[in-house]
Amino acid sequence: AGFTVAIVGRPNVGKSTLFNRLLEQRKAIVDDVSGVTRDRQYGVADWNGKSFNVIDTGGFVSRSEDVFEREIRKQVKIAMEEANLLLFMCDVATGITDLDAEMADILRRSSKPVILVVNKVDNATRQLEATEFYSLGFEKVFFMSSMSGSGSGELLDEITGQI
Ligand code: GDP
Ligand code: MG
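Residues numbered from 1 in each chain as written. Chains lettered and ligands numbered in written order. Predicted model: local features only at pLDDT ≥ 70, side-chain atom pairs only at ≥ 80, totals over all residues.

In the nomenclature of an unreviewed UniProt entry, the protein corresponds to GTPase Der from the organism Chitinophaga pinensis.

Some words on the nonpolar core
In this structure, Ala6, Ile7, Val54, Phe88, Val117 and Val118 are the most contacted members of the largest nonpolar core, which totals 40 residues. Among the elements that line this core, the one with the most residues is strand E4 (residues 85-91), at five residues. With sequence-adjacent residues up to four places away left out, isoleucine 7 is seen in contact with Lys15, Leu18, Phe19, Val54, Ile55, Asp56, Thr57, Leu87 and Met89. (Core = buried A, V, L, I, M, F, W, Y, C linked by C-beta atoms within 7 Å. Buried ≥ 20, exposed ≤ 12 C-beta atoms within 10 Å, placed from the backbone. Helix = DSSP H or I, 4+ residues; strand = E, 2+ residues; numbered from the N terminus. Contact = placed C-beta atoms within 7 Å.)

Section: helix H1 (residues 15-22)
When we look at burial in H1, the residues that qualify are Lys15, Leu18, Phe19, Arg21 and Leu22. End-on, the buried residues of H1 take up no more than an arc of 165 degrees, which puts them together on one face. Here the buried face of H1 lies against strand E1 (4-8), strand E2 (40-47), strand E3 (50-57), E4, strand E5 (114-119) and helix H5 (152-161). (Arc of directions from axis to C-beta.)

A closer look at the site of ligand 1
Taken together, 14 residues lie around ligand 1, and Gly14, Lys15, Ser16, Thr17 and Met147 are the ones closest in. For the shell around ligand 1, the per-class residue count stands at three nonpolar, eight polar and three charged. (Near = placed C-beta within 6 Å. Nonpolar A, V, L, I, M, F, W, Y, C, P; charged D, E, K, R; others polar.)

Regarding the pairing of E3
The pairing of E1 with E3 spans four bridges and is parallel. Directly across from isoleucine 7, in E3, lies its bridge partner aspartate 56. When E2 meets E3, the two strands line up antiparallel, connected through eight bridges. Looking across to E3, one finds that tyrosine 42 is bridged to isoleucine 55. (Pairing = 2+ DSSP bridges.)

Details of the environment of lysine 112
Inspection of the secondary structure assignment puts lysine 112 in the loop between helix H3 (98-108) and E5. Note: C-alpha distance between lysine 112 and glutamate 139 (27 residues apart in sequence) is 13 Å. Non-local contacts of lysine 112, meaning those with residues more than four positions away in its chain, are made with Met80, Ala83, Asn84, Leu85 and Leu86.

Concerning the sheet that holds E1
As a general point, the strands of a sheet are linked pairwise by backbone hydrogen bonds and lie either parallel or antiparallel. The strand order across the open sheet built from six strands is E2-E3-E1-E4-E5-E6, with neighbouring strands paired in mixed fashion. Two strands lie at the open edges of the sheet, namely E2 and strand E6 (141-143), each paired on one side alone. Each neighbouring strand pair of the sheet contributes to a mean axis angle of 25 degrees, computed without reference to strand direction. The pairing of E4 with E5 spans six bridges and is classified as parallel. Pairing of leucine 86 across the sheet is with valine 114, part of E5. Where H1 meets the sheet, it contacts E1, E2, E3, E4 and E5, and its direction lies at approximately 155 degrees from that of E3. (Axes fitted to C-alpha atoms, helices over the stretch in contact; angles between N-to-C directions.)

Structure representation (structure tokens):
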């Protein structure tokens, strides 16, 4: 029960780094019980006196494009079924890839609200580069560095504001 947020996005954008950051206040309650859930992690985050469940999707990385595709479809399916809010994470260091664009198309058609989170915005140059992500057409866009934590407060305010 409770409000659930799923982090989706192609491998290496920084989903697990954000997941760990969101959970750092409370020690990670990682549920890794069955084979079915082995590729995702569950935890609970606290912010401003509110709690919400977080799902980190896509535990494996493969170099094969068709495996990427399959993984992305699976992630989105899980997220759409289980989450109240989707965080679609992209990576400013690589810019918008074909897979990002494809995933954006799927997510725009979802009935669940989506927040675009542009990650690895570590410095001023990357802040400028990050504006290209507005072209993906999401109303809510947040820029952050999961590694340093910059921008995470604004994102958490937005998430808890939706609970
Ligand atoms: P995932 O595959 O989407 O879960 O991505 P990970 O969280 O495993 O991160 C992939 C790589 O990106 C790791 O080497 C992280 O240290 C790095 N990374 C994550 N967030 C940031 C960030 O904000 N800035 C930078 N420069 N690297 C990051
Ligand atoms: Mg990961």
